[in-house]
Amino acid sequence: MIDDTLLEAEEKMDKAVEVAKEDFAAIRTGRANAAMFAKIFVDYYGAPTPLQQLASFNVVEARTILVSPFDKSSTTAIEKALRDSDLGVNPTNDGNVVRVVLPALTAERRKDFVKLAKSKAEDARISVRSVRRRAKEELDRIAKDGEAGEDEVARAEKELEVLTKKHVELVDQLLASKESELLEV
């Protein structure tokens, strides 16, 4: 029972860190990468569809990406979705591909992205701590119901704290990496 609780908590904490990684990948840096488009949805025949399902991406230069739609009729919808996104880009459409040139980031914009990254990191930390709280409540319930001894529960709580600390440190490392990536000129 205790091991199941700890295992479930670890899986949920791993998931929180994974979500943080995805969130950080979606934050634009000075370089072009396909992960920036992960959270963009295109109105494709009336249904919001993830851009990554509608096109392939080709990084041709450090700040230029070619978006090649699988269905050429969706090119204008993709262009509109990119223009309306929070990436701050002005894509061009030649009928076959959408060319996205990323403007150089200003110092102010970099600071805004760092703030966004810190916000996402804090969300991940809160998520990890929330998992810890729920697992601790479950361990307290196990002890109260007499399903396990107090020593076992105390050991499990220490293990839970170690897990929590490890996952919060992972989030902090991801944040530090993203910050240095954003601030490099």
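Going by the structure above, here's the rest.
A short tour of the structure in this document, coming up. All figures in this text were calculated on a predicted structure; none of them were measured in a lab.

### Overview of the packing of aromatic side chains
Evaluated as defined, the whole model comprises one aromatic pair. Residues Y44 and Y45 carry aromatic rings whose centres are separated by 4.8 Å and whose planes lie at 65° to one another, so their mutual orientation is edge-to-face.

### Let's talk about the pattern of salt bridges
Applying the stated rule across the entire model yields 16 salt bridges. Two residues, K136 and D140, come together in a salt bridge whose shortest N-O distance is 3.6 Å. Within this pair, K136 and its partner D140 are both found in helix 4 (residues 107-145), separated by four residues, close to a single helical turn. Taking the relative accessible area as the measure of exposure, K136 reaches 32% and is therefore partly exposed. With a closest N to O distance of 3.8 Å, K178 and E181 form a salt bridge. Within this pair, K178 and its partner E181 are both found in helix 5 (residues 150-183), separated by three residues, close to a single helical turn. Classification of K178 as buried rests on a relative accessible area of 7%.

### Points about the nonpolar core
Of all hydrophobic cores here, the largest spans 18 residues; its most connected members are F37, I40, L51, V67, I78, L82 and V100. Sorting the residues of this core by element identifies helix 2 (51-54), strand 4 (64-69), helix 3 (75-84) and strand 6 (98-101) as the ones contributing at least two each. At three residues, helix 3 tops the list of elements feeding residues into this core. In terms of nonpolar packing, the next biggest core, distinct from the first, is built from 16 residues, L6, V128, L139 and V168 among them.

### A few points about the sheet that holds strand 4
Across the sheet, four strands lie side by side as 3-4-6-5; this open sheet has antiparallel pairing. With partners counted over all chains shown, the strands left at the sheet margins are strand 3 (55-61) and strand 5 (92-93), one partner each. Against the sheet, helix 3 touches strand 3, strand 4, strand 5 and strand 6, its axis set at about 15° to strand 6.

### Let's talk about the packing of helix 4 against helix 5
Interhelical geometry of helix 4 versus helix 5 gives an angle of 170° and a closest axis separation of 10 Å. By the angle class used here, helix 4 and helix 5 are roughly antiparallel. Here the residues of the contact of helix 4 with helix 5 are counted per class, giving 17 nonpolar, two polar and 12 charged.

### Examining helix 1 (residues 2-26)
Because an α-helix completes one turn every 3.6 residues, residues spaced three or four positions apart along the sequence face the same direction. Taking 1.5 Å of rise per residue, the 25 residues of helix 1 would be expected to cover 36 Å, and the 37 Å separating its terminal C-alpha atoms lies within 8% of that figure. Among the residues of helix 1, those classed as buried are I2, T5, L6, A9, M13, A16, V17, A20, D23, F24 and A26. In this structure, the buried side of helix 1 is in contact with helix 4 and helix 5.

Cut-offs and rules
Position numbers for residues start from 1 in each chain and track the written sequence from start to end. Residues qualify for local features only when their pLDDT is at least 70, as the model is predicted, and side-chain atom pairs are given and counted only at 80 or more; totals for whole chains, interfaces and linings, by contrast, use all residues. The side-chain values count all of the structure's non-hydrogen atoms but skip hydrogen atoms and water molecules. We call Phe, Tyr and Trp rings a pair once their centres come within 6.5 Å, taking the six-membered ring for Trp, and we label the pair stacked below 30 degrees between planes, edge-to-face above 60, and tilted otherwise. Salt bridges, as used here, are contacts in which a Lys or Arg side-chain nitrogen is within 4 Å of a carboxyl oxygen on Asp or Glu. What counts as a helix is a DSSP run of H or I of at least four residues, what counts as a strand is a run of E of at least two, and both are numbered from the N terminus. Between buried and exposed lies partly exposed: a residue is buried under 20% and exposed over 50% of the maximum accessible area for its type, with that area taken using a 1.4 Å probe on protein chains only. Think of a nonpolar core as a cluster: buried Ala, Val, Leu, Ile, Met, Phe, Trp, Tyr and Cys residues, connected wherever their side-chain atoms sit within 4.5 Å. Two strands pair under a simple rule: DSSP has to find at least two bridges between them. Any pair of residues with heavy atoms lying within 4.5 Å of one another is described as a contacting pair. For helices, the fitted line uses only the C-alpha atoms of the stretch in contact; every axis is such a line through C-alpha atoms, and the angle between N-to-C directions lies from 0 to 180 degrees. In this scheme, roughly parallel covers angles under 35 degrees and roughly antiparallel covers those over 145, while 65 to 115 is roughly perpendicular and the rest are oblique. Classification convention: Asp, Glu, Lys, Arg as charged; Ala, Val, Leu, Ile, Met, Phe, Trp, Tyr, Cys, Pro as nonpolar; all other residues, Gly among them, as polar. To estimate the expected span of a helix, subtract one from its residue number and multiply by 1.5 Å.

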